[in-house]
Each structure stands twice: as structure tokens, then as C-alpha cells.
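Given next are the chains, with one letter for each unit.
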Amino acid sequence: MKYTSGRRKKALSETVINPQTFVTYEKIYYTLWELSQRYQEFCQFRVIGSSHDERMIPMLEVGKGSEVIFCVTGLDGTQKLLPGLLLKMVQEYCIAYECRWQLEDFYDVKKLLDEIRICMIPIENPDGYEICRTDFSVIRNPIFRQMLRMQSIPARDFGYNARGMDLSHNFPTAYYRRSRMGEQPASENETKALIRIFQEYGGKGLLDFGQSGREIVYYHSEQGLGLLPRSHRLARHMQRTSAYHLEKESASGIERTKMGTLEQYYIQSVKQPAFLIRTPTVTMEDEGCQNAVKNIYKEIRLLPLEYIFSLKRN
């Protein structure tokens, strides 16, 4: 029986994200906690760290597998759409797991997640997310708040954390380069939280969801890790599910936009594949916003399951 037929649509209605109002940080945090309470048999809620403005960073583990993959988004505070979509994704997976349903008559969610569980981290930069969603007044630390207001970036375009640091390039990779005074690799609380969880869990792969395009960026290392052929094969499997364009990146890119990234760090430290999933940017002013959000979710909703399925074949 097809997953979205009959009563199953009704069961999934609670997972619909309203694109007219982006989900608050508090909604994301407490929804993950509530899922862990409702599905205690196969879900575990963890706080992996806290931001500089003392907002906790939540993670939900789904499944009973001995290995894990990571799904992360929200390093850039301007990614207002993706945290809500990953929240919707994990809700859908939990319902399918409990009811032993298949997605698209193909992906047996329980079977897959009992082999490799998913660690979902849908809001890695809660301070930046809340600034961009509202304004700088949400920062409780008066020193940070005043410092941010003195910058020339308006709140709606502010992608950094409460200290004004770019988390997307704060990871201690072999090719990290400092671009401003006071910046050091892994200097930020949010970066340290991810590093600690990677060191504890290791994992079989990382999917980092970002915005600006329809691409699956796969990486390879020039330090002899031998990940390129496998990463390319896995990326092609996900491409068939999403129809996104494939793009290869070197782990030693010399441009600032390619330094100290989360994907580079994961490859070099865990020595497993890492991918950046770039989705289109949608704003409230866009005509047809609701349909655009639905289409983006449809494009990415199966990627973690396809990745787990593909790991078994590669």
C-alpha cells in the first residue's frame, strides 16, 4: 500500500510546516523533545551544547542502528526555511517507523533506521536563526547585542552567531585560514558542540543542508583518504532521488568560501563521506511561496534514507 494513501495522509497532517511563518527556535527544540517522549522506544533526545547566548542545541536520534549518519542545518542564521523542513522530515520518519510504513513503496524506514540511525540537528546556530527571524533584540547578553547592532549588516541578512562569527568556516581543517582579528578555528561554542558529537559518534556520513541552488556537493580529500570514488557513487544515488545537480569540491579549496567548512572537518577527522545539499532560497515575498516550499521538501525528504540504503550497496 502506498505510504501517502487514505488514513496515512491524515496521520501525517500534523507534520505540515506552514511556509507563511517560519518555525521558532523554541518550537523546534520542544518538538524534538516531544518526539523523543512519544517515540521513546526508538528516539533519543540530546542537548549537544549551547550557543554563546545560552540557547541549547538539540539533537534527535531516530532508530536503533549501531552506526549513525548526521543531518545538520542552520549553521547560517539566514537559513530560515531548512530547520523547519528537517523538523518535518524527522516527524515523518518517526510516524513511518512506528507504523512500519514504507515511503514511496520502497524505503522501509524501520528496517533502514534499525541498521543505521539518523542524528538530526536542525538548528545549529539558534542565536543567528532568531536574529534573522526577528531582530537583534532577541540576544539577551547586552554586550553581544550592542556589538551586533554596531555592525552594518541588517538583522534579516545576519547569518552569524551572537559573537558575529561565521560558523560555516570555523572548523579546524588542514586548510583553515583566519580572515579577521580574534577568529580562531573551533573558537565558537556551536562549532565545539558539533566537534564533540562527531568525536563521540564518528558516523558513516554527513548531510549538511544549505540554501542557494539545487545541488549535491560532494567532497574529496587530497590527503590520501580515498573517499572520492565512494563519495561520487553515493552522491549519484542521492541525485536520482532528488534530481539535483552534482558538484565536486576539493577539500583544499583556496577560496575563503571553501575553507574551514563542516564538510571538510568531517572528512578529515571521521574519514567518512560528507555532502552539502543546496536547496533553493525561498522568501515570504516570493509568489507561490507555499508551493515552492512543498516542492523543496519533496526534493529532499528521502535523501537521508537513500543515503543509508546506498551505504549497504557500496
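One can find the structure itself at the top, above this paragraph.
Residues numbered from 1 in each chain as written. Predicted model: local features only at pLDDT ≥ 70, side-chain atom pairs only at ≥ 80, totals over all residues. Heavy atoms only, no water.

Draft legend 1. The arrangement of the overall build of the chain in detail. Along the backbone of the chain there are 11 helices and 10 strands. Every one of the 314 residues in the chain was classed for burial, and the buried ones make up 58%. Long-range contacts, defined here as pairs at least 24 residues apart, represent 76% of the contacts in the chain between residues at least 6 apart. Counting only carbon and sulfur atoms, one obtains 47% of the accessible surface of the chain, whose full area is about 13600 Å². (Helix = DSSP H or I, 4+ residues; strand = E, 2+ residues; numbered from the N terminus. Buried < 20%, exposed > 50% of the residue type's maximum accessible area, 1.4 Å probe, protein only. Contact = heavy atoms within 4.5 Å. Areas by Shrake-Rupley, 256 points an atom, 1.4 Å probe, with all protein chains shown as cover.)

Draft legend 2. Region of interest: the packing of aromatic side chains. The tally for this structure, following the rule as stated, stands at 17 aromatic pairs. Here Y107 and F309 contribute two aromatic rings whose centre-to-centre distance is 6.5 Å and whose plane-to-plane angle is 85°, an arrangement assigned as edge-to-face. Here F309 lies in helix α11 (residues 303-311) and Y107 lies in strand β5 (residues 107-108), a separation of 202 residues in the sequence. Across the pair, exposure class does not vary: Y107 and F309 are buried alike. Arranged with centres 5.7 Å apart and planes meeting at 70°, the rings of F275 and Y307 form a pair that is edge-to-face. Separated by 32 residues along the polypeptide, F275 in strand β10 (residues 274-279) and Y307 in helix α11 bring together distant segments of the chain. With respect to class, F275 is no different from Y307; both count as buried. (Phe/Tyr/Trp six-rings, centres within 6.5 Å; stacked < 30°, edge-to-face > 60°.)

Draft legend 3. Molecular detail of the pairing of strand β7 (residues 206-211). The buried count for β7 comes to six of six residues, which makes it a mostly enclosed element. Side chains L206, D208 and G210 project from β7 onto one buried face, and the interleaved L207, F209 and Q211 project onto a second face that is buried too. Here strand β3 (residues 67-73) runs beside β7; their pairing, made up of four bridges, is parallel. In the sheet register, T73 faces β7, and the bridge partner there is F209. (Pairing = 2+ DSSP bridges.)

Draft legend 4. Fine view of helix α3 (residues 82-99). Across its 18 residues, α3 extends 26 Å between first and last C-alpha, which sits within 8% of the 26 Å expected from 1.5 Å per residue. Positive backbone phi, at 55°, marks R100, one or two positions downstream of α3. (Expected span 1.5 Å × (residues − 1).)

Draft legend 5. Here's a closer look at the packing of helix α2 (residues 25-38) against α3. Where α2 meets α3, the axes come as close as 11 Å, and the angle between the chain directions of the two elements is 10°. Judged by the angle between their axes, α2 and α3 are roughly parallel. Seen from α2, the contacting residues are I28, T31, L32 and L35; seen from α3, they are P83, L87, V90 and Q91. Of the residues assigned to the contact of α2 with α3, the class counts are six nonpolar, two polar and no charged. (Axes fitted to C-alpha atoms, helices over the stretch in contact; angles between N-to-C directions. Parallel < 35°, antiparallel > 145°, perpendicular 65-115°, else oblique. Nonpolar A, V, L, I, M, F, W, Y, C, P; charged D, E, K, R; others polar.)

Draft legend 6. Structural view of the pattern of salt bridges. Scanning the entire structure with this criterion turns up 15 salt bridges. Between R117 and E61 there is a salt bridge; the shortest N-O distance is 2.9 Å. You can see R117 sitting in strand β6 (residues 116-121) and its partner E61 sitting in strand β2 (residues 56-62), a full 56 residues away along the chain. In terms of burial, R117 and E61 fall into one category: buried. (Salt bridge = Lys/Arg side-chain N within 4 Å of Asp/Glu carboxyl O.)

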